[in-house]
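Fold and geometry: a report
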Amino acid sequence: MSIDRKRTNKTNHRFSRRDFIKSSVGLAATTVAGGGLLQSANAQSQFGEYIPYDATRDYHYSLRYGTREIIEHHHPGTEPTGEKFTFVRLKYPGGDWWTNLVNTYLWQSDLKFTQVLERYTAIDVDLRKHPQYVDIDDSWLFAYPFLYMTGHGRAYSGMRLTDAHIRKLREYFERGGFLHVEDCDIRYNRFWPQIKNMMKRIYPNKEFERLDMSHPIYHTLYPHDDYLGGDKLIRGYEYDQAIMDDDRVMVYFCPSDLNCAWEGRPCSPGGEEQRIWAFEQGMNVVAYALTR
């Protein structure tokens, strides 16, 4: 499978993308199945806005059955990883940015996805013991070509992004960064409006566009001709949307919650086939972000 590595005519003002790919020919992928990957478990409890932070170890955590579930603060350069890809979640003020990483349903979603990404693709993944996050206020935010963001938008007043945050995100996109956003439950109609407002502040003249299933983001590794979704497929939201930079996806928005499927929650209406699709589509998105 060959990967189109052509750049747009705006590469002069972007970070040139480092080569995160093991093979110079392209990305290899196999079918995701078995091996204890697809299971279900008991429901998780709900959290408010704040979770504990251990300053001595620089991580957030929760306690589950007496064991800490840790989300590590990632610092590029503290442990040199060469050209490895690190899956990092964006920590933002005013919401449950950590959803599916504390009091987990079965396992920490980002950690499981990272393990699957490393196992089933040729992307050189930096495997960590715990999920990784980067704070929107971190000076090293621009070190990541890919950021992941999710939440319910229900905690307190929702996201509280300052004008400085908006300027920083605009610069991140102008440097070539890619943001994967998911609404953990679009039925609340809370997080999605906040994301639309965030992007309107960043790019007043851009609108989210519906992605057709023929778009390369659904075929980078795994050919997806039908939209199965994450753990839930909500009527009226059976498609993804994007903010575009010319013909390149800059912000990918998924309303069906791939992350909950990665966490091991039951998937409806498609069951385990839907969960496999969710893992495959996550890998498609990462591969697209790193090669476009």
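Residues numbered from 1 in each chain as written. Predicted model: local features only at pLDDT ≥ 70, side-chain atom pairs only at ≥ 80, totals over all residues. Heavy atoms only, no water.

Concerning the nonpolar core
In terms of nonpolar packing, the biggest core is built from 39 residues, with Leu 147, Met 149, Phe 173, Ile 195, Met 198, Met 199 and Val 251 touching the most fellow members. Elements with a minimum of two residues in this core: strand 4 (88–91), strand 5 (132–135), strand 6 (146–151), helix 2 (163–174), strand 7 (178–183), helix 3 (191–202) and strand 10 (248–254). At six residues, the largest contribution of residues to this core is made by helix 3. In this view, Met 198 contacts Met 149, Leu 161, Ile 166, Leu 169 and Leu 179; residues no more than four positions away in its chain are not counted. Within the second largest apolar cluster, 37 residues are counted, among which are Phe 85, Phe 87, Phe 178 and Tyr 252. (Core = buried A, V, L, I, M, F, W, Y, C linked by side-chain atoms within 4.5 Å. Buried < 20%, exposed > 50% of the residue type's maximum accessible area, 1.4 Å probe, protein only. Helix = DSSP H or I, 4+ residues; strand = E, 2+ residues; numbered from the N terminus. Contact = heavy atoms within 4.5 Å.)

A word on the packing of helix 2 against helix 3
When two helices pack together, their arrangement is given by the angle between the helix axes and by the axis-to-axis distance. As a packed pair, helix 2 and helix 3 sit with axes 9 Å apart at the nearest point and diverge in direction by 75°. The orientation of helix 2 with respect to helix 3, classified from their angle, is roughly perpendicular. Taken together, the residues of helix 3 that come into contact with helix 2 (itself represented by Asp 163, Ile 166, Leu 169, Arg 170 and Phe 173) are Met 198, Met 199, Arg 201 and Ile 202. (Axes fitted to C-alpha atoms, helices over the stretch in contact; angles between N-to-C directions. Parallel < 35°, antiparallel > 145°, perpendicular 65-115°, else oblique.)

Things to note about the environment of Gly 177
Note on placement: Gly 177 falls in the loop between helix 2 and strand 7. Look at Gly 177 and you get buried, because its relative accessible area is 4%. Taking C-alpha positions, Gly 177 is 7.2 Å from Met 250, a pair spaced 73 residues apart along the chain.

Overview of helix 5 (residues 271–291)
With 21 residues, helix 5 should cover 30 Å at 1.5 Å per step; its first-to-last C-alpha distance of 31 Å lies within 8% of that length. Burial of helix 5 is extensive: 18 of the 21 residues sit out of reach of the surface. (Expected span 1.5 Å × (residues − 1).)

Quick word on the environment of Val 88
Here Val 88 shows up in strand 4. With sequence-adjacent residues up to four places away left out, Val 88 is seen in contact with His 74, Gln 132, Val 134, Tyr 144, Phe 146, Leu 147 and Tyr 148.

Points about the pairing of strand 7
Within strand 7, six of the six residues are buried, which leaves it mostly tucked inside the rest of the structure. Pairing analysis gives six bridges linking strand 6 to strand 7, with the strands arranged parallel. Bridge assignment links Tyr 148 to a residue of strand 7, and that residue is His 180. (Pairing = 2+ DSSP bridges.)

Structural notes on the pairing of strand 5
The side-chain alternation of strand 5 yields two buried faces, one formed by Gln 132 and Val 134 and the other by Tyr 133 and Asp 135. For strand 3 (residues 67–73) and strand 5, the ladder comprises two bridges, and the chain directions are parallel. By the bridge assignment for strand 5, His 73 is matched with Tyr 133.

Let's talk about unusual backbone geometry
Looking along the chain, the bond that leaves Ser 268 and enters Pro 269 is cis, with omega of 10°. Structurally, the position occupied by Pro 269 is in the loop between helix 4 (258–262) and helix 5. If you check the backbone angles, Asp 58 has positive phi at about 55° while not being a glycine. For Asp 58, the location among the structural elements is in the loop between strand 1 (53–54) and strand 2 (59–64). We note that Asn 103 has phi near 45°; this positive angle belongs to a residue other than glycine. Looking at the element boundaries, Asn 103 is found in the loop between strand 4 and helix 1 (109–120).

A look at the environment of Gly 176
Summarising the element assignment, Gly 176 is placed in the loop between helix 2 and strand 7. For Gly 176, a relative accessible area of 5% translates into the label buried. Along the sequence, Gly 176 and Pro 145 sit 31 residues apart, while their C-alpha atoms lie 7.1 Å from each other.

Things to note about the side chain of Gln 241
Structurally, the position occupied by Gln 241 is in strand 9 (residues 241–245). Among residues more than four places away in sequence, those in contact with Gln 241 are Trp 192, Phe 208, Glu 209, Arg 210, Leu 211, Val 251, Tyr 252 and Phe 253.

Points about the confidence of the model for the protein
Considering every residue of the protein, the mean pLDDT works out to 84; 80% of them sit at 70 or more. Contacts from residues 1–26, a stretch scored under 50 in pLDDT, to residues over four places away or in other chains number 60 contacts. Here residues 33–48 is a poorly scored stretch, pLDDT under 50, and it has 41 contacts once near neighbours within four places are set aside; other chains count. (pLDDT = per-residue confidence, 0-100.)

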